[in-house]
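Survey of secondary and tertiary structure
In case you want the letters, here they are:
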Amino acid sequence: DSEARQAQFGPRIAAAEQAEDPIAYYLALREYVYSIPDGHIRLDGGDELGLREAAIGGGYGLAVIQLDDGRVIAALVSSDGPAEQAGMAWGAEIVTWNDIPIKLALEQVSALWSSRPPATQEGQHIQQQNLLTRAEIGTPVTITFRNPDETEVRQATLTAVDDQMVILYRSMEMGFPIKVEKGKRVRPSEPVEARILPNGYGYLKLNSEPFSSPAAIDPVGVVRRAVADFIAAEVPGVVIDVRRNRVVNDQMAPMMMAYFSTQPMFYEQIAYIDESTGELEVVGDIFLEPASPTYTGPVAMLIDNATLSTGEGFPLIMQALQRGPVVGFYGTNGSFGMSGSMVSLPGGYTVRYPNGASLDEKGVIQGDSDSSLQGGFVPDVRVPITEETVRAMYVDGRDVALETAITLLGATIENTGSQ
């Protein structure tokens, strides 16, 4: 509702301009941008005036996650952090947060300082979990919690300390381990990682960051050679991992998945806004055409909520071709539209946004979330979020989603053999 947003944010921006208040101006801009539920939306420039770091630079020595049974537990408790010093053990059930029942407290958390606007209800809930335990350094919070194997509910007042945001990054690991060094996430160095796992299965990790390695020139060629290696090694199955994949080239998904398909398929109609009419106008179609060599054995795919943009095209193809199960703790981001537009604003800021959509054969927008924040592609097999799987991820360092995918591949092979 652009008119409602104009009424809400226009006066704030005008007042900030009149008062020559750069902080009020930036906050109004950011709140406006983050009111639009799409992962492509970005507000760049100005180094955030230090506001984000000030707002969430402090942590309480814990991160939380809501289990499938509804309980909210401490998924991370940092050694000698405020939570541990207050007697909290790993897996403690959080009961209240500043005297508010924990579920209600989560619902009240703003996603304003998340890395990008959440596009779905699920994505919003993930960000609320990540940001609940972040605050300005020195901010107190009173919580009640129950440690595992205890019936007594404890109360503690914690003070946020500077943890270099390590706990925040680690809280984002659910579904895909993240390497953190000096408070920063270590990004992958190659566009495609391919190997044969110790158990004999093929593993193909498709990344999406900007790269300068020779492989970045022809990432599709890397996939082609990996598939040839898998075929030569007679791997019993392949896991395609597109967690945290945010590829921006629209044709990348069908070009890479062509080595796993024996039949062509319609992928999308590309549609952009006609500025004269304001309507979507189709400018072209994309199809998947099978390519050689073709791996025809069992395949499973891993996704998460950071699977975004063209990255969401991979599960679209997997599910359309019924090529194998799509596996994950969460669905994809729900931001499948055409990105690339931008507008420059006073103060050195730039708003980047999508100006088109991916349409299916009937001309219906696909992949993007709708006005009720429903969208994206959901797993065929959801990995359960239980104390056991959370402990395996955060404490034992296991990749539970990958383990689940391999188990499913094994069951497929066994069933096929028995037939």
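Just so we're clear, the structure is a prediction, and the values are computed from it rather than from any experiment.

Strand order in the open sheet formed by six strands is β13-β14-β15-β18-β19-β22, with mixed pairing between adjacent strands. Unpaired on one side and paired on the other, β13 (192-196) and β22 (381-382) mark the two borders of the sheet. Here strand β15 (residues 238-241) pairs with strand β18 (residues 299-302) via four bridges, running parallel. The residue bridging Val239 from the neighbouring strand is Ala300, located in β18. Of the strands in this sheet, β13, β14 (202-206) and β15 touch helix α8 (residues 219-233), which is tilted by about 5° from β13. Packed onto the sheet, helix α10 (residues 313-321) meets β14, β18 and β19 (326-328) and runs at close to 145° relative to β18.

Taken as a whole and assessed by the stated rule, the structure comprises eight aromatic pairs. Considering the side-chain rings of Phe260 and Tyr295, the 6.4 Å spacing of their centres and the 65° angle between planes classify their relative orientation as edge-to-face. Remark: Tyr295 occurs in the loop between β17 (280-288) and β18 and Phe260 occurs in the loop between α9 (252-257) and β16 (265-273); sequence separation between them is 35 residues. Look at Phe260 and you get buried, because its relative accessible area is 3%. Among the residues examined, Tyr295 registers a relative accessible area of 5% and is labelled buried. Measuring from centroid to centroid gives 6.4 Å for Tyr267 and Phe336, while their planes differ by 90°, and the two rings are edge-to-face. Pair noted here: Tyr267 is in strand β16 and Phe336 is in the loop between β19 and β20 (338-345), with a separation of 69 residues, a long-range link. Relative accessible area serves as the criterion here: at 1%, Tyr267 is assigned to the buried category.

Let us now look at the nonpolar core. Judged by nonpolar contacts, the single largest core of 41 residues is most densely connected at Tyr60, Leu62, Met88, Ile94, Trp97, Leu132 and Leu158. Here this core gets five residues from one element, more than from any other, and that element is helix α2 (residues 22-34). Not counting the four nearest positions on each side in its chain, Leu132 is found in contact with Val64, Trp97, Ile102, Ala105, Leu106 and Val109. The next biggest cluster of nonpolar side chains, apart from the first, holds 38 residues, and it includes Val192, Leu206, Val235 and Ala253.

What follows deals with the pairing of strand β21 (residues 349-359). As judged from the three bridges shared by strand β1 (residues 42-44) and β21, these two strands associate in the antiparallel manner. Bridge assignment links Asp44 to a residue of β21, and that residue is Thr350. Where β16 lies against β21, four bridges are found, and the strand directions are antiparallel. If you follow Ile270 over to β21, its bridge partner there is Ser358. Bridging between β20 and β21 involves seven bridges; their strand directions are antiparallel. Note on β21: the bridge partner recorded for Ser344 is Thr350.

Conventions and cut-offs
Residues numbered from 1 in each chain as written. Predicted model: local features only at pLDDT ≥ 70, side-chain atom pairs only at ≥ 80, totals over all residues. Heavy atoms only, no water. Pairing = 2+ DSSP bridges. Helix = DSSP H or I, 4+ residues; strand = E, 2+ residues; numbered from the N terminus. Contact = heavy atoms within 4.5 Å. Axes fitted to C-alpha atoms, helices over the stretch in contact; angles between N-to-C directions. Phe/Tyr/Trp six-rings, centres within 6.5 Å; stacked < 30°, edge-to-face > 60°. Buried < 20%, exposed > 50% of the residue type's maximum accessible area, 1.4 Å probe, protein only. Core = buried A, V, L, I, M, F, W, Y, C linked by side-chain atoms within 4.5 Å.

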